[in-house]
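Geometric and topological summary
Here is how the chains run, residue by residue.
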Amino acid sequence: MAKSHETEHPVKAFGLAATDSSGHLSPFQFSRRATGDEDVQFKVLYCGICHSDLHYLKNEWGISQYPLVPGHEIVGVVTEVGKKVEKVKVGDKVGVGCMVGSCRSCESCKDDLENYCPKIIPTYSAPYSDGTITYGGYSDIMVADEHFIVRIPENMPLDSAAPLLCAGITTYSPMRYFGLDKPGMHIGVVGLGGLGHVAVKFAKAFGAKVTVISTSPNKKEEALSNLGADSFLISKNDDEMQGAMGTMDGIVDTVSAYHPLMPLIGLLKAHGKLIMLGAPDKPLDLPIFPLLAGRKMISGSGIGGMKETQEMIDFAAKHNIKADIELISADYVNTALERLAKADVKYRFVIDVANTLKQA
C-alpha cells in the first residue's frame, strides 16, 4: 500500500497545496526526505510567485500532478547538510530555482546546461529519482541536492533575491549566450512584467541602451524613471515603431500572450536577434521573409544551468540588481494568484513564508 504524503519521508513539512485544477491553495501536511550525504536542508524564508505556478496550479500545460505545492523561487537559511556537502554550511543563505535534479551525465549536463537535460527534474509536480513527487517552496522546509543549491551573497536581500532564481536567470542567460551583453548595444525588452523589469536591469548593467516595447502607455513613466530604460515604444503606435525600424541589436520578448512578431523583427538591425522567453498558449505567426532580408534570428531560451545561475546571482549582487516585489502573507496567496492572472502586480509577488505560513 502506498504511503501517504505525510509519511512517505521522515521529515515533517507543511505548506500550501492545490488538490485539483481549480488551483485553489489550502494548508497541506506532507514530508521531506531525510538529508542525504549530498543534500542540503534549509528553512524557507521567502518564495516568489511565478506565472508558471499559475499554469501548473490550473493544469494549463496538462502535466500537473496533485496534490501540488508550487514555488520555484525559494530562498532560506541552511539548517542541515550531508556529510559530503562542500558548497554551503549551516547558517548560509541559499536558494533553489526551477530544478532539483538532472541526469548529470548527458551532453547538456556536462556542458553545465542541466536546464536542457532530457531528464530534468522540476522543483515541483514531477517524479524525483526515488519515485516520489517533488514539492515546491510554498512550504516551511526544503531539501535539495547541493548541486542544485545556489549560494545567496550576504549583501543581497533575500525577499527580492528570490525571483531572480527564475525571472533573473531566464533573462540573464540568453543575453549572455547570444552576445547581447556588450556595452553600447541597443537592446529592446518586450513586456514590462516579472521578466521584463529584470531584463531591463540586467541590460543596463551590461552597459546597453535599453528600449522598452509595450502595449501600455501608462508604463512609460515607470520604465524610464524607475527602471532606468533609455526609451519607450508603444507597440500599437505605428509611427513610433516605424521610427525605430532597424535600430536594435537584439530584443528580449517576455510576453506570454499571443502577439505579432512582424513589427518586432522590423526593429532589428541586420543580424539582429529576437529571443523568445514567454510561453504563449497559442502558436505565433512566423513571417520568414523579413528574416531573410537581414539574416535575422528568432530563438528561444529557458532558465539556465546551475553554474550560470550562480554567476547571475553574484552579478546581480555586485550591481545591486534585485526584483521589485510585493511582499505578501501566506493567507493572501489565493488572492495574489487571482491578481497575477490579471497582471495586477508590480512586478513579483513574494510570500513571507517564515513569518506567515502557520499551521492551524
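A few points on the structure. Owing to the predicted nature of the structure, the values given are computational and were not obtained by experimental measurement.

Turning our attention to the packing of aromatic side chains. What characterises a pair of aromatic rings is the spacing of the ring centres plus the angle enclosed by the ring planes. Using the criterion set out here, one finds eleven aromatic pairs in the structure. With a centroid separation of 5.2 Å and 45 degrees between ring planes, the pair formed by F206 and F315 is classed as tilted. One end of the pair, F206, is in the loop between α5 (194-205) and β11 (209-214); the other, F315, is in helix α10 (residues 306-318), with 109 residues separating them in the sequence. Exposure remark for F315: the relative accessible area of 13% places this residue in the buried category. Members of the aromatic cluster, each reached through a chain of ring pairs, are Y172, F202, F206 and F315.

Attention now moves to the packing of helix α4 (residues 167-177) against α10. Interhelical geometry of α4 versus α10 gives an angle of 100 degrees and a closest axis separation of 10 Å. The angle between α4 and α10 places the two elements in the roughly perpendicular class. In this structure, α4 uses G168, I169, Y172, S173 and R176 to contact α10, whose residues at the interface are E308, T309, E311, M312 and F315. A class-by-class count of the residues in the contact of α4 with α10 yields four nonpolar, three polar and three charged.

Moving on: the packing of α4 against α5. Two elements in contact, α4 and α5, have axes separated by 9 Å at closest approach and are oriented at 50 degrees. Relative to α5, the element α4 lies oblique. The crossing of α4 and α5 is right-handed. Of the residues in α5, those in contact with A167, G168, T170, T171, Y172 and M175 of α4 are G194, L195, V198, A199, F202 and A203.

Let's shift gears to α4. α4 sits mainly inside the fold: nine of its eleven residues count as buried. Buried within α4 we find A167, G168, I169, T170, T171, Y172, S173, P174 and M175. Looking at the buried side of α4, the elements it contacts are α5, β13 (248-253), β14 (268-276), α10 and β17 (348-352). Of the residues one or two after α4, G179 is the one with positive phi, at around 70 degrees.

About the thresholds
Residues numbered from 1 in each chain as written. Predicted model: local features only at pLDDT ≥ 70, side-chain atom pairs only at ≥ 80, totals over all residues. Heavy atoms only, no water. Phe/Tyr/Trp six-rings, centres within 6.5 Å; stacked < 30°, edge-to-face > 60°. Helix = DSSP H or I, 4+ residues; strand = E, 2+ residues; numbered from the N terminus. Buried < 20%, exposed > 50% of the residue type's maximum accessible area, 1.4 Å probe, protein only. Axes fitted to C-alpha atoms, helices over the stretch in contact; angles between N-to-C directions. Parallel < 35°, antiparallel > 145°, perpendicular 65-115°, else oblique. Contact = heavy atoms within 4.5 Å. Nonpolar A, V, L, I, M, F, W, Y, C, P; charged D, E, K, R; others polar. Left-handed = near helix turned anticlockwise from the far one by under 90°.

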